[in-house]
Amino acid sequence: MKIKSGFMLREIAGQSVVVPLGARVVEFNGIMTLSESGALLWRELEKNSTMEEMVELLLTEYSIDRETARNDVEQFVQSMLDSSLIENV
Amino acid sequence: MSLNWIDFSKKLSENARANGIPLSGAFELTSRCNFKCKMCYVACPARDKRALSRELSAGEWIELGKQARDAGLFNLILTGGEVFVRQDFPEIYEALCNMGLSLTIYSNASLITPEKARWLGKLPPSRLSVTVYGASPETYKRVTGSTDGFKKTMRALEHLKSENISLEIKTTVVEGNFRDYEGIYKIAHTYSDNLGIVNYISPRREGCGSDPTGNRLSPVDIVNYERYISEYGQKMRTVNKKLELKIGQDEMEEQAGLADTEDKAGEGSAFSCQAGKTAFWITWDGRMVPCGLLNEPAAVPLQVGFSNAWQKLREGCTLVPKCKACSKCDVRSECMACPGRLMSETGCFTRPAQYLCEAARYRAELKGQDIQAIARAGYY
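Conventions and cut-offs
- Residues numbered from 1 in each chain as written.
- Chains lettered and ligands numbered in written order.
- Predicted model: local features only at pLDDT ≥ 70, side-chain atom pairs only at ≥ 80, totals over all residues.
- Heavy atoms only, no water.
- UniProt positions renumbered as here; feature names shortened; annotations may be inferred.
- Helix = DSSP H or I, 4+ residues; strand = E, 2+ residues; numbered from the N terminus.
- Rg over C-alpha atoms; globule rule 2.2 N^0.38 Å.
- Buried < 20%, exposed > 50% of the residue type's maximum accessible area, 1.4 Å probe, protein only.
- Contact = heavy atoms within 4.5 Å.
- Areas by Shrake-Rupley, 256 points an atom, 1.4 Å probe, with all protein chains shown as cover.
- Lys, Arg positive; Asp, Glu negative; His and termini not counted.
- Charge placed at Lys NZ, Arg CZ, Asp CG, Glu CD.
- Pairing = 2+ DSSP bridges.
- Axes fitted to C-alpha atoms, helices over the stretch in contact; angles between N-to-C directions.
- Salt bridge = Lys/Arg side-chain N within 4 Å of Asp/Glu carboxyl O.
- Domains from an automatic or database assignment.
- Buried area = accessible area lost by both parts, 1.4 Å probe.
- Core = buried A, V, L, I, M, F, W, Y, C linked by side-chain atoms within 4.5 Å.
- Right-handed = clockwise from strand over helix to strand, strands pointing away.
- Polar contact = N/O pair within 3.5 Å; in protein donor to acceptor, adjacent residues only side chain to side chain.
- Nonpolar A, V, L, I, M, F, W, Y, C, P; charged D, E, K, R; others polar.

Chain B appears in an unreviewed UniProt entry as MoaA/NifB/PqqE/SkfB family radical SAM enzyme from Ruminiclostridium sufflavum DSM 19573. In UniProt, chain B has this text filed under Cofactor (unreviewed entry): "[4Fe-4S] cluster".

In the nomenclature of an unreviewed UniProt entry, chain A is known as Coenzyme PQQ synthesis protein D (PqqD) of Ruminiclostridium sufflavum DSM 19573.

Given below as structure tokens:
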């Protein structure tokens, strides 16, 4: 899966947010705030990583078990799909 | 979690203020305008070669946009003059659109053709703020010097509406148009959900043949205008609740969601607004200043870099002295005084301005009369 073109992760005044660029504003007139781990996963998605690679990243960065990491990644990906920010390739 | 722009900006403002982040700014892309409003503080003729030669290039504005974005900018106003007199405005705008900024365009709209409206519809700003100078061709001729300005503006509003552009209507109140307030209100009602009233005309910041103070309303008349349009607005809201009136509200404060909040961090500052705290203004010739009214303190970001200029501006703003007489004045809650207006009116930060004082006293007097009337009616 990959992030659709026309979205940018920015840190604005200490807050990680995804903002639409250019023509994307027409379909996504708003912004999405991300937690610290959400921003980490977004950056991983920018590399077109798989869900398994994102799970491994969370296990490296946080003291959590594999099942929790997998649940977190699945929730994150579903949220991104629901908001039409990413697409399956 | 999805938020709208305003809620999001409000959430960030406190952090920006605490950390001195330039969250909001304005790029004054040109001093030139196709209208010749006598009350304008920056209105050189559209083909003024001297002004044109001193304007920053498209590439310089785009570079400033990148540097400002990297320093934390989010809310950016693009203003003039009239931004659409720049042939390269599309180049500047499209580049800024791809930087992750929330863009607001200020325009008189008269140069927005159907083609330009379609182009904006594909790359919409967060808001397009259109200043309407009257409700008839005659008023436009009187205020802007343009015989077809009214027709062109109304056509542009139609095209922009059909492209679903988020519109704000504003009006600048002067001798030549104050009688049009009902008509302007109706125009705003047709195209927007809010009407901004610019109720203060500053003496000119720089010379372009304009005469702002010769065309603004007297202190008594401007306060009367505020009351008339407020009462008219209240009457109209009983019919349709859509339109919100914003009298004399600062755009950058509003964007930051701070219009109604107390700036506790700014208690020691002469500025009650965000100027030099989270907001800046860059003039058409590339000077970073606190706001559109002030020429000082200033820095030149293209020479020293945006972040260094911002730090210099922040430091400069902390050195601006408060007006002690204003701080002690018993009608200060009714007064529009600020460092920019005091400097514009008196040439000094610390001297009360007669125009502002008279308006504040009259506002306080009317408020007192209202309270007495309510008391007589038995509500207290």
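Now that the structure has been shown, we can carry on.
Trainee: Mind showing me how you'd approach the overall build of chain A here?
Mentor: Within chain A, the secondary structure is distributed over 4 helices and 5 strands. Going from the N terminus to the C terminus, chain A shows its helices and strands as β-β-β-α-β-α-α-α-β. Computed over the C-alpha atoms, the radius of gyration of chain A is 13 Å, within 12% of the 12 Å expected from 2.2 N^0.38 for a compact globule of 89 residues. Every one of the 89 residues in chain A was classed for burial, and the buried ones make up 49%. When contacts within chain A are restricted to residue pairs at least 6 apart in sequence, those whose partners lie at least 24 apart make up 42%. Accessible surface computed for chain A: about 4500 Å², of which carbon and sulfur atoms make up 43%. In chain A, the 8 positive side-chain charges and the 15 negative ones have mean positions that sit 7 Å from each other.

Trainee: Would you take a moment to explain the overall build of chain B for this structure?
Mentor: Broken down by element type, chain B carries 16 helices and 12 strands. On C-alpha atoms alone, chain B measures out to a radius of gyration of 20 Å, which is about the 21 Å that the 2.2 N^0.38 rule sets for 380 residues. Counting only C-alpha atoms, chain B reaches 65 × 50 × 45 Å along its principal axes. Evaluated residue by residue, chain B yields a buried proportion of 55% over its 380 residues. When contacts within chain B are restricted to residue pairs at least 6 apart in sequence, those whose partners lie at least 24 apart make up 73%. For chain B, the exposed surface amounts to about 16900 Å²; the carbon and sulfur share of it is 49%. If you average the places of the 50 positive and of the 45 negative side-chain charges in chain B, the two averages end up 2 Å apart.

Trainee: What is the right way to read the sheet that holds strand E11 (residues 279–282) of chain B from this model?
Mentor: Either a parallel or an antiparallel arrangement is found when strands of a sheet pair, and the pairing is made through backbone hydrogen bonds. Residue and element names in this part refer to chain B. Judged by pairing direction, the sheet is mixed, and its 9 strands sit side by side in the order E10-E9-E8-E7-E6-E5-E2-E11-E12 without closing on themselves. In this open sheet, the two edge strands, each paired with only one partner strand, are strand E10 (244–247) and strand E12 (288–289). Packing against the sheet, helix H3 (residues 58–70) makes contact with strand E2 (24–28) and E11, and its axis sits at approximately 175° to E2.

Trainee: Honestly, the pattern of salt bridges in this entry has me stumped. Any pointers?
Mentor: Residues and elements named next belong to chain A. On inspection of all chains with the given rule, the structure shows 17 salt bridges over all chains. As a salt-bridge pair, glutamate 44 and lysine 47 come within 3.2 Å of each other at their nearest N and O atoms. You can call glutamate 44 buried: its relative accessible area is 12%. By relative accessible area, which is 60% here, lysine 47 ends up exposed.

Trainee: Could you clarify how one ought to interpret the domain arrangement of chain B in this entry?
Mentor: Interfaces are often sized by the accessible area lost when the parts come together. All names here are of chain B. According to the domain assignment, chain B consists of domain 1 (5–315) and domain 2 (323–376). Computed from C-alpha atoms alone, the centre-to-centre distance between domain 1 and domain 2 is 24 Å. Carbon and sulfur atoms supply 63% of the area that domain 1 and domain 2 bury against each other, a total of about 1700 Å² over both sides. Per-residue buried area on domain 1 facing domain 2 is highest for Tyr200, Pro219 and Arg227; these three make up 33% of the total on that side.

Trainee: Please explain the nonpolar core as it appears in this structure.
Mentor: Across soluble globular proteins, you tend to see nonpolar side chains buried next to one another. Grouped together as the largest cluster of nonpolar side chains are 91 residues, with contacts concentrated most on Phe27, Tyr93 and Phe280 of chain B. Broken down by element, this core gets its largest block of residues, 6 residues, from helix H8 (residues 181–191) of chain B. In this structure, this core is formed jointly by two domains, domain 1 (5–315) and domain 2 (323–376) of chain B, each of which donates at least three residues. If you look at the next biggest cluster of nonpolar residues, it comprises 24 residues, including Met32, Leu34, Val55 and Val73 of chain A.

Trainee: Mind showing me how you'd approach the pairing of strand E6 (residues 102–107) of chain B here?
Mentor: The two faces of a sheet get side chains in turn, since along a regular strand they alternate between them. All names here are of chain B. Along E6, 6 of the 6 residues are buried, which leaves the element largely enclosed by surrounding structure. Burial along E6 is two-sided: Ser102, Thr104 and Tyr106 and Leu103, Ile105 and Ser107, pointing in opposite directions, are all buried. As defined by bridge partners, strand E5 (residues 75–79) adjoins E6 across 4 bridges and the pair is classed as parallel. Bridging across to E6, leucine 76 finds its partner in leucine 103. Taking the sense of rotation as the criterion, the β-α-β connection linking E5, helix H4 (residues 89–97) and E6 turns out right-handed. Pairing between E6 and strand E7 (residues 127–131): 4 bridges, direction parallel. Pairing of serine 107 across the sheet is with valine 130, part of E7. Following the chain from E6 across helix H5 (residues 114–122) to the adjacent parallel E7, one finds a crossover that is right-handed.

Trainee: When you look at the interface of chain B and chain A in this model, what are you seeing that I'm missing?
Mentor: Facing the 25 residues of chain B at the interface are 19 residues of chain A. In this assembly, chain B and chain A are joined by 0 salt bridges. For the pair chain B and chain A, the interface holds 5 residue pairs in polar contact (both at pLDDT 80 or more). When residues of the side of chain B that touches chain A are traced back to their parent elements, those giving at least two are strand E1 (2–3), helix H1 (5–19) and H5 of chain B. Broken down by element, the side of chain B that touches chain A gets its largest block of residues, 6 residues, from H1 of chain B. Residue composition of the side of chain B that touches chain A, by class: 15 nonpolar, 7 polar and 3 charged.

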